Amino acid sequence: YRFFGEPVVEACVENGASCIDISGEPQFLEGMYLKYNEKAAEKGVYVVGSCGFDSIPADMGVLYTKEKLKGTLTAVESFLSVKSGPEGVAVHDGTWKSAVYGLADEDNLKKLRKQIGYAPVPVVGAKLKKRGFLFYSPEFKEYCITFMGSDGSVVRRTQRYLHTELQQTPVQYGAYVTLGGLGTVLKLMFMGMLFLLLVKFNFGRKLLTKYPKFFSGGYFTKEGPTQKQMDGTSFTMTFFGEGYSEGQDPQKGKPNVKICTEVKGPEPGYIATPIAMVQAGLSLLEDTASLPKRGGVYSPGAAFSKTKLIDRLNKRGVEFSVISKPEV
């Protein structure tokens, strides 16, 4: 999307057509907001980014958790687990390239956000503690790291919109991914350090993009996954939410209610993503009365919070459910 996405957005906005994408690149997503939000509003069209695996499960999962908590949800942590069959997992190198160029250009993302001038979102309730980059989770009995994708930035954009436009209580959010045992952690740490070193230099970036399979330990390939690999892969995203019961002031005292929800589905990149994308498109076409009143460039949760998108996804195999009910 960094290199090829903007002409599509520009053409759609100029010609009065709504559009969605499956981008997981914050710089592209937020750049389109800066350049086209007002034009899209004038034309009455909706440009909704990250309507794939990045970031429908995370963004809509937080909204689902909020809806199921009887009270005020103030903080959520999500944990992504991807399970594979005997054939293992593979991802096309397009995703790898997004990561390479995104990390290399991190400074420009900071400048872009300053240019946008986001209004600060207040922290309501107890402040969500930031975890270390790598930690052990007793719930999953696995090591976990911060999720490096766009979910965190997308969810924060949604929460900012819901707070400023609809006066809803903003939810703090942390996104993580489970890794497995110590052996996997050591392997990933070695690859990660090599990646961070090479991504800083033009020569290094050329190496990373030319030999994705070698530098990712076989995970990213130019061929992408086989049908058997896709058939054997699934994902689960678990949400741990906390907040305040009905009648309890979120500005006073500690959170006194917890909830655990889950979004699960088939292989994320090539099966769950098109499901999410198509259902997001149908929501744009068929749930028009439930969309935001004015057009613009939106995150999925901001665009679809009042639509039937979650019901649509549940019927198509990307399932939202409550694992443990809110308990005081």
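Residues numbered from 1 in each chain as written. Predicted model: local features only at pLDDT ≥ 70, side-chain atom pairs only at ≥ 80, totals over all residues. Heavy atoms only, no water.

As recorded in an unreviewed UniProt entry, the protein goes by SCPDL oxidoreductase and comes from Illadopsis cleaveri.

Novice: Could you give an account of the pattern of salt bridges, with specific residues and numbers?
Specialist: Using the criterion set out here, one finds 11 salt bridges in the structure. Two residues, Arg 2 and Asp 105, come together in a salt bridge whose shortest N-O distance is 3.1 Å. Taken together, the positions of Arg 2 in the segment before helix 1 (6–14) and Asp 105 in the loop between helix 4 (93–104) and helix 5 (106–116) put the pair 103 residues apart, joining distant regions of the chain. Taking the relative accessible area as the measure of exposure, Arg 2 reaches 27% and is therefore partly exposed. The shortest N-O distance in the salt bridge between Lys 68 and Glu 67 comes to 3.9 Å. Overall, the relative accessible area of 28% leaves Lys 68 in the partly exposed class. Given a relative accessible area of 52%, Glu 67 falls into the exposed group. (Salt bridge = Lys/Arg side-chain N within 4 Å of Asp/Glu carboxyl O. Helix = DSSP H or I, 4+ residues; strand = E, 2+ residues; numbered from the N terminus. Buried < 20%, exposed > 50% of the residue type's maximum accessible area, 1.4 Å probe, protein only.)

Novice: Please give an account of the nonpolar core that cites residues and values.
Specialist: Counting residues in hydrophobic clusters, the biggest one holds 44 residues, and the most contacted among them are Ile 56, Met 60, Phe 304, Leu 313, Val 318 and Phe 320. The element best represented in this core is helix 3 (residues 56–68), accounting for 6 residues. Once residues within four sequence positions are removed from consideration, Met 60 is found in contact with Pro 300, Gly 301, Phe 304, Leu 309, Ile 310 and Phe 320. One finds Cys 19, Leu 29, Ala 40 and Val 297 within the second-largest nonpolar core, a separate group that totals 13 residues. (Core = buried A, V, L, I, M, F, W, Y, C linked by side-chain atoms within 4.5 Å. Contact = heavy atoms within 4.5 Å.)

Novice: For unusual backbone geometry, give the residues involved together with the corresponding values.
Specialist: The omega angle of the peptide bond from Asp 54 to Ser 55 is 15 degrees, so this bond is cis rather than trans. Assignment of secondary structure puts Ser 55 in the loop between strand 2 (46–48) and helix 3. Its identity as a non-glycine residue notwithstanding, Ser 50 has a phi of 50 degrees, on the positive side. Examined against the element boundaries, Ser 50 turns out to sit in the loop between strand 2 and helix 3. Overall, Ser 50 belongs to the buried group, its relative accessible area being 1%.

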